[in-house]
Amino acid sequence: MGTHESSLSRLHCEMVRGLIDEGACPANPELTRRMGVPQAALENLLRDLAAIHGVVLHPHVCEPWIVHPFSLTPTLNWIEGPKRGWWAPCIWCAFGVAVLAGGEALLHTRYGAETEPLAIPIVDGRPAGSPEVVVHFAIPPARAWDNVHQHCSMVLPFRSQDDIAAWCLRHGLPRGEAVPLEKVASLARAWYGSHAEPGWHKWSVEEAQQIFQRAGLQSGFWNLGAGRGKVY
């Protein structure tokens with residue numbers, strides 16, 4: 001890993017560790033202090049990190065908006081820990097947060113992002129005693145970064161395939177693939193488990209494909225093709 005890549009990994013680690021330990025991402029002035037760089041250099045690092053999808057920046061200012069699996073602004077998914085809590089962009093990310101936080105947590109979300117609340121107990125990143133739930137991925141992962149906010153907003157829990165079909169028809173939204181909750185949790189452990197490490201790096205297309213395959217996600221829906229650079 002080169003010097004620049006090491007700086008990107010360290011910056012990513014500082015943000016993720018801040019979220020885990022303090023419940024909030026360190027602000028840019030604090031990140032400049034921790035990284036030992038001037039503000040302009042930090043903003044260049046943030047832009048480079050965003051270019052490889054390591055962070056999502058606000059469109060109007062060079063500040064983190066999403067540091068997957070965490071959202072820095074309110075979302076549908078709230079992970080309640082013993083001492084602090086976090087927002088996540090989607091239920092896949094929510095299990096990633098639970099993996100990184102460790103221990104016991106309670107995921108608060110809603111079926112189909114509609115009226116009915118759902119609370120899922122989690123222990124060490126695994127669902128514990130939750131109702132039978134399937135997670136609908138509406139958009140294939142190969143297209144996730146076309147609009148990552150749209151993609152995440154439609155990774156949602158449902159009770160059944162019939163409920164998914166009715167939801168898609170009701171809202172005129174695409175029908176993708178349903179995945180059992182336990183399998184989504186397994187995917188989150190493999191995908192996000194190393195996100196707080198100093199040596200973190202973005203998954204290549206090949207690495208991402210292997211993670212999907214090991215999680216049992218092997219249909220054409222999960223095929224990333226040749227890809228372009230980094231996927232997530």
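Structural notes, computed from the coordinates.

**Description of the packing of aromatic side chains**
Then step 1. Per the counting criterion, the structure on display carries 10 aromatic pairs.
Then step 2. Look at Trp-191 and Phe-212: their rings are 5.3 Å apart centre to centre, the planes differ by 15 degrees, and that puts the pair in the stacked class. Pair noted here: Trp-191 is in helix α7 (residues 181–192) and Phe-212 is in helix α8 (residues 205–214), with a separation of 21 residues, a long-range link. For the pair Trp-191 and Phe-212, one class covers both residues: buried.
Then step 3. What links up through ring pairs into an aromatic cluster is the set Trp-92, Phe-137, Trp-191, Tyr-192, Trp-203, Phe-212, Phe-221 and Trp-222.

**With respect to the packing of α7 against α8**
Then step 1. Between α7 and α8, the least distance of the axes is 9 Å, while the angle of their chain directions is 150 degrees. Relative to α8, the element α7 is oriented roughly antiparallel. You can see that α7 and α8 cross each other, and the crossing is right-handed. Listed contacts from α8 to Leu-187, Ala-190 and Trp-191 of α7 are Ala-208, Ile-211 and Phe-212.

**Some thoughts on the side chain of His-12**
Then step 1. Within the element layout of this structure, His-12 appears in helix α1 (residues 3–22).
Then step 2. Excluding residues that lie within four positions of it along the chain, His-12 makes contacts with Leu-49, Gly-54, Val-67, His-68, His-195 and Trp-200.

**Considerations on the pairing of strand β2 (residues 64–67)**
Then step 1. Of the strand pairs in this sheet, strand β1 (residues 56–57) and β2 are connected by 2 bridges, and their pairing is antiparallel. Each bridged residue has a counterpart across the sheet, and for Val-56 the counterpart in β2 is Ile-66.
Then step 2. The hairpin formed by β1 and β2 contains 6 residues between the paired strands.
Then step 3. Bridge count between β2 and strand β3 (residues 70–71): 2 bridges; the pairing is antiparallel. Following the sheet pairing, Val-67 is matched in β3 by Phe-70.
Then step 4. The hairpin formed by β2 and β3 contains 2 residues between the paired strands.

**Some points on the environment of Pro-121**
Then step 1. Relative to the helices and strands, Pro-121 is located in strand β7 (residues 117–123).
Then step 2. Take Pro-121: its relative accessible area is 28%, and that puts it in the partly exposed class.
Then step 3. Each C-alpha atom, one on Pro-121 and one on Arg-34, is 35 Å from the other, the two residues being 87 residues apart in sequence.

**Let's talk about the nonpolar core**
Then step 1. Residues Leu-11, Met-15, Trp-92, Phe-95, Phe-137 and Trp-191 are the most contacted members of the largest nonpolar core, which totals 64 residues.
Then step 2. Residue contributions to this core peak at 8 residues, all from helix α4 (residues 91–101).
Then step 3. Setting aside its immediate chain neighbours within four residues, Phe-95 contacts Leu-107, Ile-120, Ile-122, Gly-125, Arg-126, Pro-127, Leu-181, Ala-185 and Ala-188.
Then step 4. If you look at the next biggest cluster of nonpolar residues, it comprises 10 residues, including Ala-138, Met-154, Leu-156 and Trp-167.

Rules of the game
Residues numbered from 1 in each chain as written. Predicted model: local features only at pLDDT ≥ 70, side-chain atom pairs only at ≥ 80, totals over all residues. Heavy atoms only, no water. Phe/Tyr/Trp six-rings, centres within 6.5 Å; stacked < 30°, edge-to-face > 60°. Helix = DSSP H or I, 4+ residues; strand = E, 2+ residues; numbered from the N terminus. Buried < 20%, exposed > 50% of the residue type's maximum accessible area, 1.4 Å probe, protein only. Axes fitted to C-alpha atoms, helices over the stretch in contact; angles between N-to-C directions. Parallel < 35°, antiparallel > 145°, perpendicular 65-115°, else oblique. Left-handed = near helix turned anticlockwise from the far one by under 90°. Contact = heavy atoms within 4.5 Å. Pairing = 2+ DSSP bridges. Core = buried A, V, L, I, M, F, W, Y, C linked by side-chain atoms within 4.5 Å.

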